[in-house]
Amino acid sequence: MSDKAITVENLSKAYRIGLKEQKHETMTGAIMDWIKQPLHNLRRVQNLTRVNLHEDSDDTIWALKDVSFEVRQGEVIGIIGRNGAGKSTLLKVLSRITEPTAGRIVLRGKLSSLLEVGTGFHRELTGRENVYLNGAILGMRKKEIDLKFDEIIDFSGVEKFLDTPVKKYSSGMQVRLAFSVAAHLEPDILMIDEVLAVGDAEFQKKCLGKMRDVAGHGRTVLFVSHNMASMKNICSRAILMETGEVIEDGDIRTVVNHYLARNIRSQTSFEFNEDQHRYQTDFRIVALNFLVPEQRLIFQYGESVSFELKIQCKKDFWGVRVGVGIVSEGVRVSTIHSHPIDFLASDSLSRVRCTFPRYLLLPGIYSLVLGAHLAKNGQGLDYINQEMYFEISEVAASGCDSFDVKAIGIFKLEAKWENLTEDRQTVWADSTQL
Amino acid sequence: MKKTDPLQPLTVIEPRKDWQAFNWRELKDYRDLLYFWVLREIKILYRQTVLGFTWALIRPVASMIVFSVVFGKLARVPSDGIPYPIFAYAALMPWTYFSQSLIKSTDSLVQQASVISKIYFPRLIIPMAPVLAGLLDFVLSFLVFFILMFVYHIQPTWNILYIPLLVVIMVLTASGLGMWTSALGIQYRDVRQAMMFIVQLLMYASPIVWPISIIPFKYRTIYAIYPMAGVIEGFRAALIGKHPMPWYSISIGSISAICLFITGAIIFNRMEKNFADVA
């Protein structure tokens, strides 16, 4: 007997997207168009659900291409990939929300999918009524909900408002109640799409605990998230997807590192175009230039990370602070702000250089996010919608402690160590400040 | 670690090719959801209203009053010798149920688009729920009928026992059409636009304000293909008892109701796989 919980064979899913239509410029052309429009629309709407497997037309998008993998029972597996890599489509096909265009999936056991919490919640219904309705939508029987009802309410912490319509709830309470219902499902296979990022910090902790419980009980879990840290925490194996295909399948740490490394480009300067700026202002960070001897963004541990920003303003600015966020595995671990730059003249190119302390970051893959704001009122001037990845390699630069390169973590913090053993009193300090 | 249970359900997901009407096993698994969904339909309908379930009575009663004045008094439409208000009300009970269920059922999938694209359950529950929930309003509308019976001194006859059969035909018709229109409506949004006035036209095509007796005999068979014709005329015969049951119309109507229901289920099943993609 097989112990495979999920078998996916050559799975493909195609979508039709509407292409831009031709417009006629002349009056007669426009009238003809108007007459033909219904026919044209009919064909377009019909085509939404018609996909020709062998035809490679322009308006067909393959969200999944020939995906195959197997998941053993009890395995907790993460699906990694950029936006649009096909992760969500994969979960949708696996949870039967949409049908595959080709291929086959065999699921052994009862499956529940959580692509969203609180699906089907109705504002006018009370908390109690919504628990039953939502539970049933998630595939629970009435008896099951009856049994777990008290537990669900306890977990959510909304017992006082049980008979109040949920439209009177705060959004936090709604989410808590919704997650509580979902957390009490007992499927053999569970699929989750980033629903962990809900509620306040305390509730999130509770949720993570519950998730680990679920994973620990021999259930098979498929998990999609952008948070590599929580993924590493929960999953043992990962599948890396890109443009609808599985490109790597293996141990979580290896796959996460490869995924992050793929983001490191073999160029050291980044130029930002107009749609990468979040705000419409007269202030523009136009480029970022890493100061690195080689053509790859890999720094040796102990080497200083340094980069230059080019700023162009359409008017004069006083007191601007530039901010750099350091992101590790999807988590912003620190933000470094510049001192206020007293004057930036209009229509001239200003250059700002930033250098991180030499031993700040431990080996790993990080990314930078960039922004700028006015010092006096914190008004946002620029934010760049692009993460710039770089790596601190496990090769130690000359003159630094090679033991550190194996250290686990993000930052190297300075500390003072003292040997207090009699006759052996010694003091080691990393810095003179201590 | 959990052992593989030979009884664990095995699910195979692949492109659908069959022409199945119902997946019975799955519907059985989700019967509690159908129950809760019907309950939801009933609860949200009159929540935060002042009159509550009285609305179930206002709709047919108001129509009855207007029809009695316009068609009964002013236009003098024949009513087979039955007082016009009760003549109209007996027909308005099944008609109100049918038209309301059909409109809600048509809209149901589009309204639940966000649910459809987030989770799987048998989609059939969505258009079926308003059809079943409407039965409560329908039952309540009998209250007014009993009052009218008292006012017009109408003695109930044994024909009243045929009512459940007529209800079954009526539900089959509403749900059969509902499956057609909701499945087509989520992909072709024109259906929703069209349904509003189609239902309006169907009302005048049904023997509500006029008796079936004004239709020439040679057209009766064709007319009876429209299931609500037999149902409405059947309601009058069963409730008022002045005429024999129109068995000929009812039997033809029930055959077409069953056809509607089965074809509706098949079409729904065929189109179901695409709902999430077009929602």
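Thresholds applied
Residues numbered from 1 in each chain as written. Chains lettered and ligands numbered in written order. Predicted model: local features only at pLDDT ≥ 70, side-chain atom pairs only at ≥ 80, totals over all residues. Heavy atoms only, no water. Helix = DSSP H or I, 4+ residues; strand = E, 2+ residues; numbered from the N terminus. Rg over C-alpha atoms; globule rule 2.2 N^0.38 Å. Buried < 20%, exposed > 50% of the residue type's maximum accessible area, 1.4 Å probe, protein only. Contact = heavy atoms within 4.5 Å. Areas by Shrake-Rupley, 256 points an atom, 1.4 Å probe, with all protein chains shown as cover. Buried area = accessible area lost by both parts, 1.4 Å probe. Salt bridge = Lys/Arg side-chain N within 4 Å of Asp/Glu carboxyl O. Pairing = 2+ DSSP bridges. Axes fitted to C-alpha atoms, helices over the stretch in contact; angles between N-to-C directions. Patch = residues over 30% accessible without salt bridge, like charges linked within 9 Å, V, L, I, M, F, W, Y side chains within 5 Å. Lys, Arg positive; Asp, Glu negative; His and termini not counted. Charge placed at Lys NZ, Arg CZ, Asp CG, Glu CD. pLDDT = per-residue confidence, 0-100.

Overview of the overall build of chain B
When its secondary structure is counted, chain B shows 13 helices and one strand. For a compact globule of 279 residues, the expected C-alpha radius of gyration is about 19 Å, and chain B comes in at 21 Å, within 12% of that figure. Principal-axis analysis of the C-alpha atoms places the extent of chain B at approximately 75 × 50 × 40 Å. For chain B, buried positions account for 53% of its 279 residues. Pairs at least 24 apart in sequence give 82% of the contacts found in chain B among residues at least 6 apart. Split by element, the accessible area of chain B, about 13200 Å² in all, is 69% carbon and sulfur.

Considerations on the overall build of chain A
In terms of helices and strands, chain A carries eight helices and 22 strands. Structurally, chain A occupies a C-alpha span of about 80 × 75 × 50 Å along its principal axes. A buried classification covers 48% of the 434 residues belonging to chain A. Of the contacts formed within chain A by residues at least 6 apart in sequence, a portion of 70% connects residues at least 24 apart. Accessible surface for chain A amounts to roughly 22400 Å². Of this, 49% is attributable to carbon and sulfur atoms.

A word on the interface of chain A and chain B
Between chain A and chain B, the residue contacts involve 51 residues of the former and 43 residues of the latter. Summed over both sides, the interface of chain A with chain B buries roughly 4400 Å², with 57% coming from carbon and sulfur. In this structure, the connection of chain A to chain B is made through six salt bridges. A salt bridge links Asp-32 of chain B to Arg-141 of chain A, with the shortest nitrogen-to-oxygen separation between them at 3.1 Å.

Comments concerning the sheet that holds strand β17 (residues 349-355) of chain A
Residue and element names in this part refer to chain A. The four strands are arranged β10-β11-β13-β17 in an open sheet whose pairing can be described as antiparallel. Every other strand in the sheet has two partners, leaving β10 (269-271) and β17 as the edge strands with one partner each. The mean inter-strand angle of the sheet, taken between neighbouring strand axes irrespective of direction, is 25°. As defined by bridge partners, strand β11 (residues 283-290) adjoins strand β13 (residues 306-313) across seven bridges and the pair is classed as antiparallel. Looking at β13, one finds that Phe-283 is bridged to Cys-313.

Details of the pattern of salt bridges
Side-chain pairing between opposite charges can occur once the charged atoms of the two side chains come close. Considering all chains together, one arrives at 27 salt bridges over all chains under this definition. Through salt bridges that share partners, Arg-72, Glu-75, Arg-237 and Asp-249 of chain A make up one connected network.

Topic: unusual backbone geometry
Residues and elements named next belong to chain A. A positive phi angle, near 70°, is found at Arg-96, a position not held by glycine. Relative to the helices and strands, Arg-96 resides in the loop between α2 (87-94) and β4 (102-108). Exposure remark for Arg-96: the relative accessible area of 28% places this residue in the partly exposed category. The backbone of Thr-243 shows a phi angle near 35°, a positive value even though the residue is not glycine. Along the chain, Thr-243 falls in the loop between β8 (237-242) and β9 (245-251).

Points about the sheet that holds strand β2 (residues 60-72) of chain A
Taken together, the four strands give an open sheet; going across it, the order is β2(A)-β1(A)-β4(A)-β1(B), and neighbouring strands pair in antiparallel fashion. Only two strands of the sheet have a single partner each, and these edge strands are β2 of chain A together with β1 (10-13) of chain B. The average undirected angle you get between the axes of adjacent strands in this sheet is 15°. One ladder, built from four bridges, connects β4 of chain A with β1 of chain B; its direction is antiparallel. Among the inter-strand pairings, Arg-108 of chain A is bridged to a residue of β1 of chain B, identified as Leu-10 of chain B.

Remarks on a negative patch on the surface
Residues Asp-150, Glu-151, Asp-154 and Glu-159 of chain A make up a contiguous surface patch of negative charge. If you trace the backbone, Asp-150 of chain A turns up in helix α4 (residues 142-156).

Here's the deal with the environment of Ala-372 of chain A
Residues and elements named next belong to chain A. Assignment of secondary structure puts Ala-372 in strand β18 (residues 364-374). For Ala-372, a relative accessible area of 3% puts it in the buried group. Considering only alpha carbons, one finds Ala-372 and Ile-285, 87 residues apart in sequence, at a separation of 8.3 Å. With sequence-adjacent residues up to four places away left out, Ala-372 is seen in contact with Phe-283, Ile-285, Val-320, Arg-321, Val-322, Gly-323, Gln-379, Gly-380, Leu-381 and Asp-382.

Here's the deal with the confidence of the model for chain B
Looking at chain B, pLDDT values average 91 and 97% of them are 70 or higher. Predicted complex metrics record ipTM = 0.88 and pTM = 0.78.

Regarding the pairing of strand β20 (residues 388-396) of chain A
Residue and element names in this part refer to chain A. Pairing of strand β12 (residues 298-301) with β20 involves four bridges; the strand directions are parallel. Residue pairing for β20: Phe-299 is matched across the bridge by Ile-392. Looking at chain direction, β18 and β20 are connected through five bridges and run antiparallel. Looking across to β20, one finds that Tyr-366 is bridged to Phe-390.

Overview of the side chain of Thr-126 of chain A
Mapped onto the elements of the fold, Thr-126 of chain A is located in the loop between β5 (111-114) and α3 (127-137). Overall, Thr-126 of chain A belongs to the buried group, its relative accessible area being 9%. For Thr-126 of chain A, the residues in contact, after removing those within four places along its chain, are Leu-162, Asp-163, Thr-164, Pro-165 and Val-166 of chain A together with Arg-47 of chain B.

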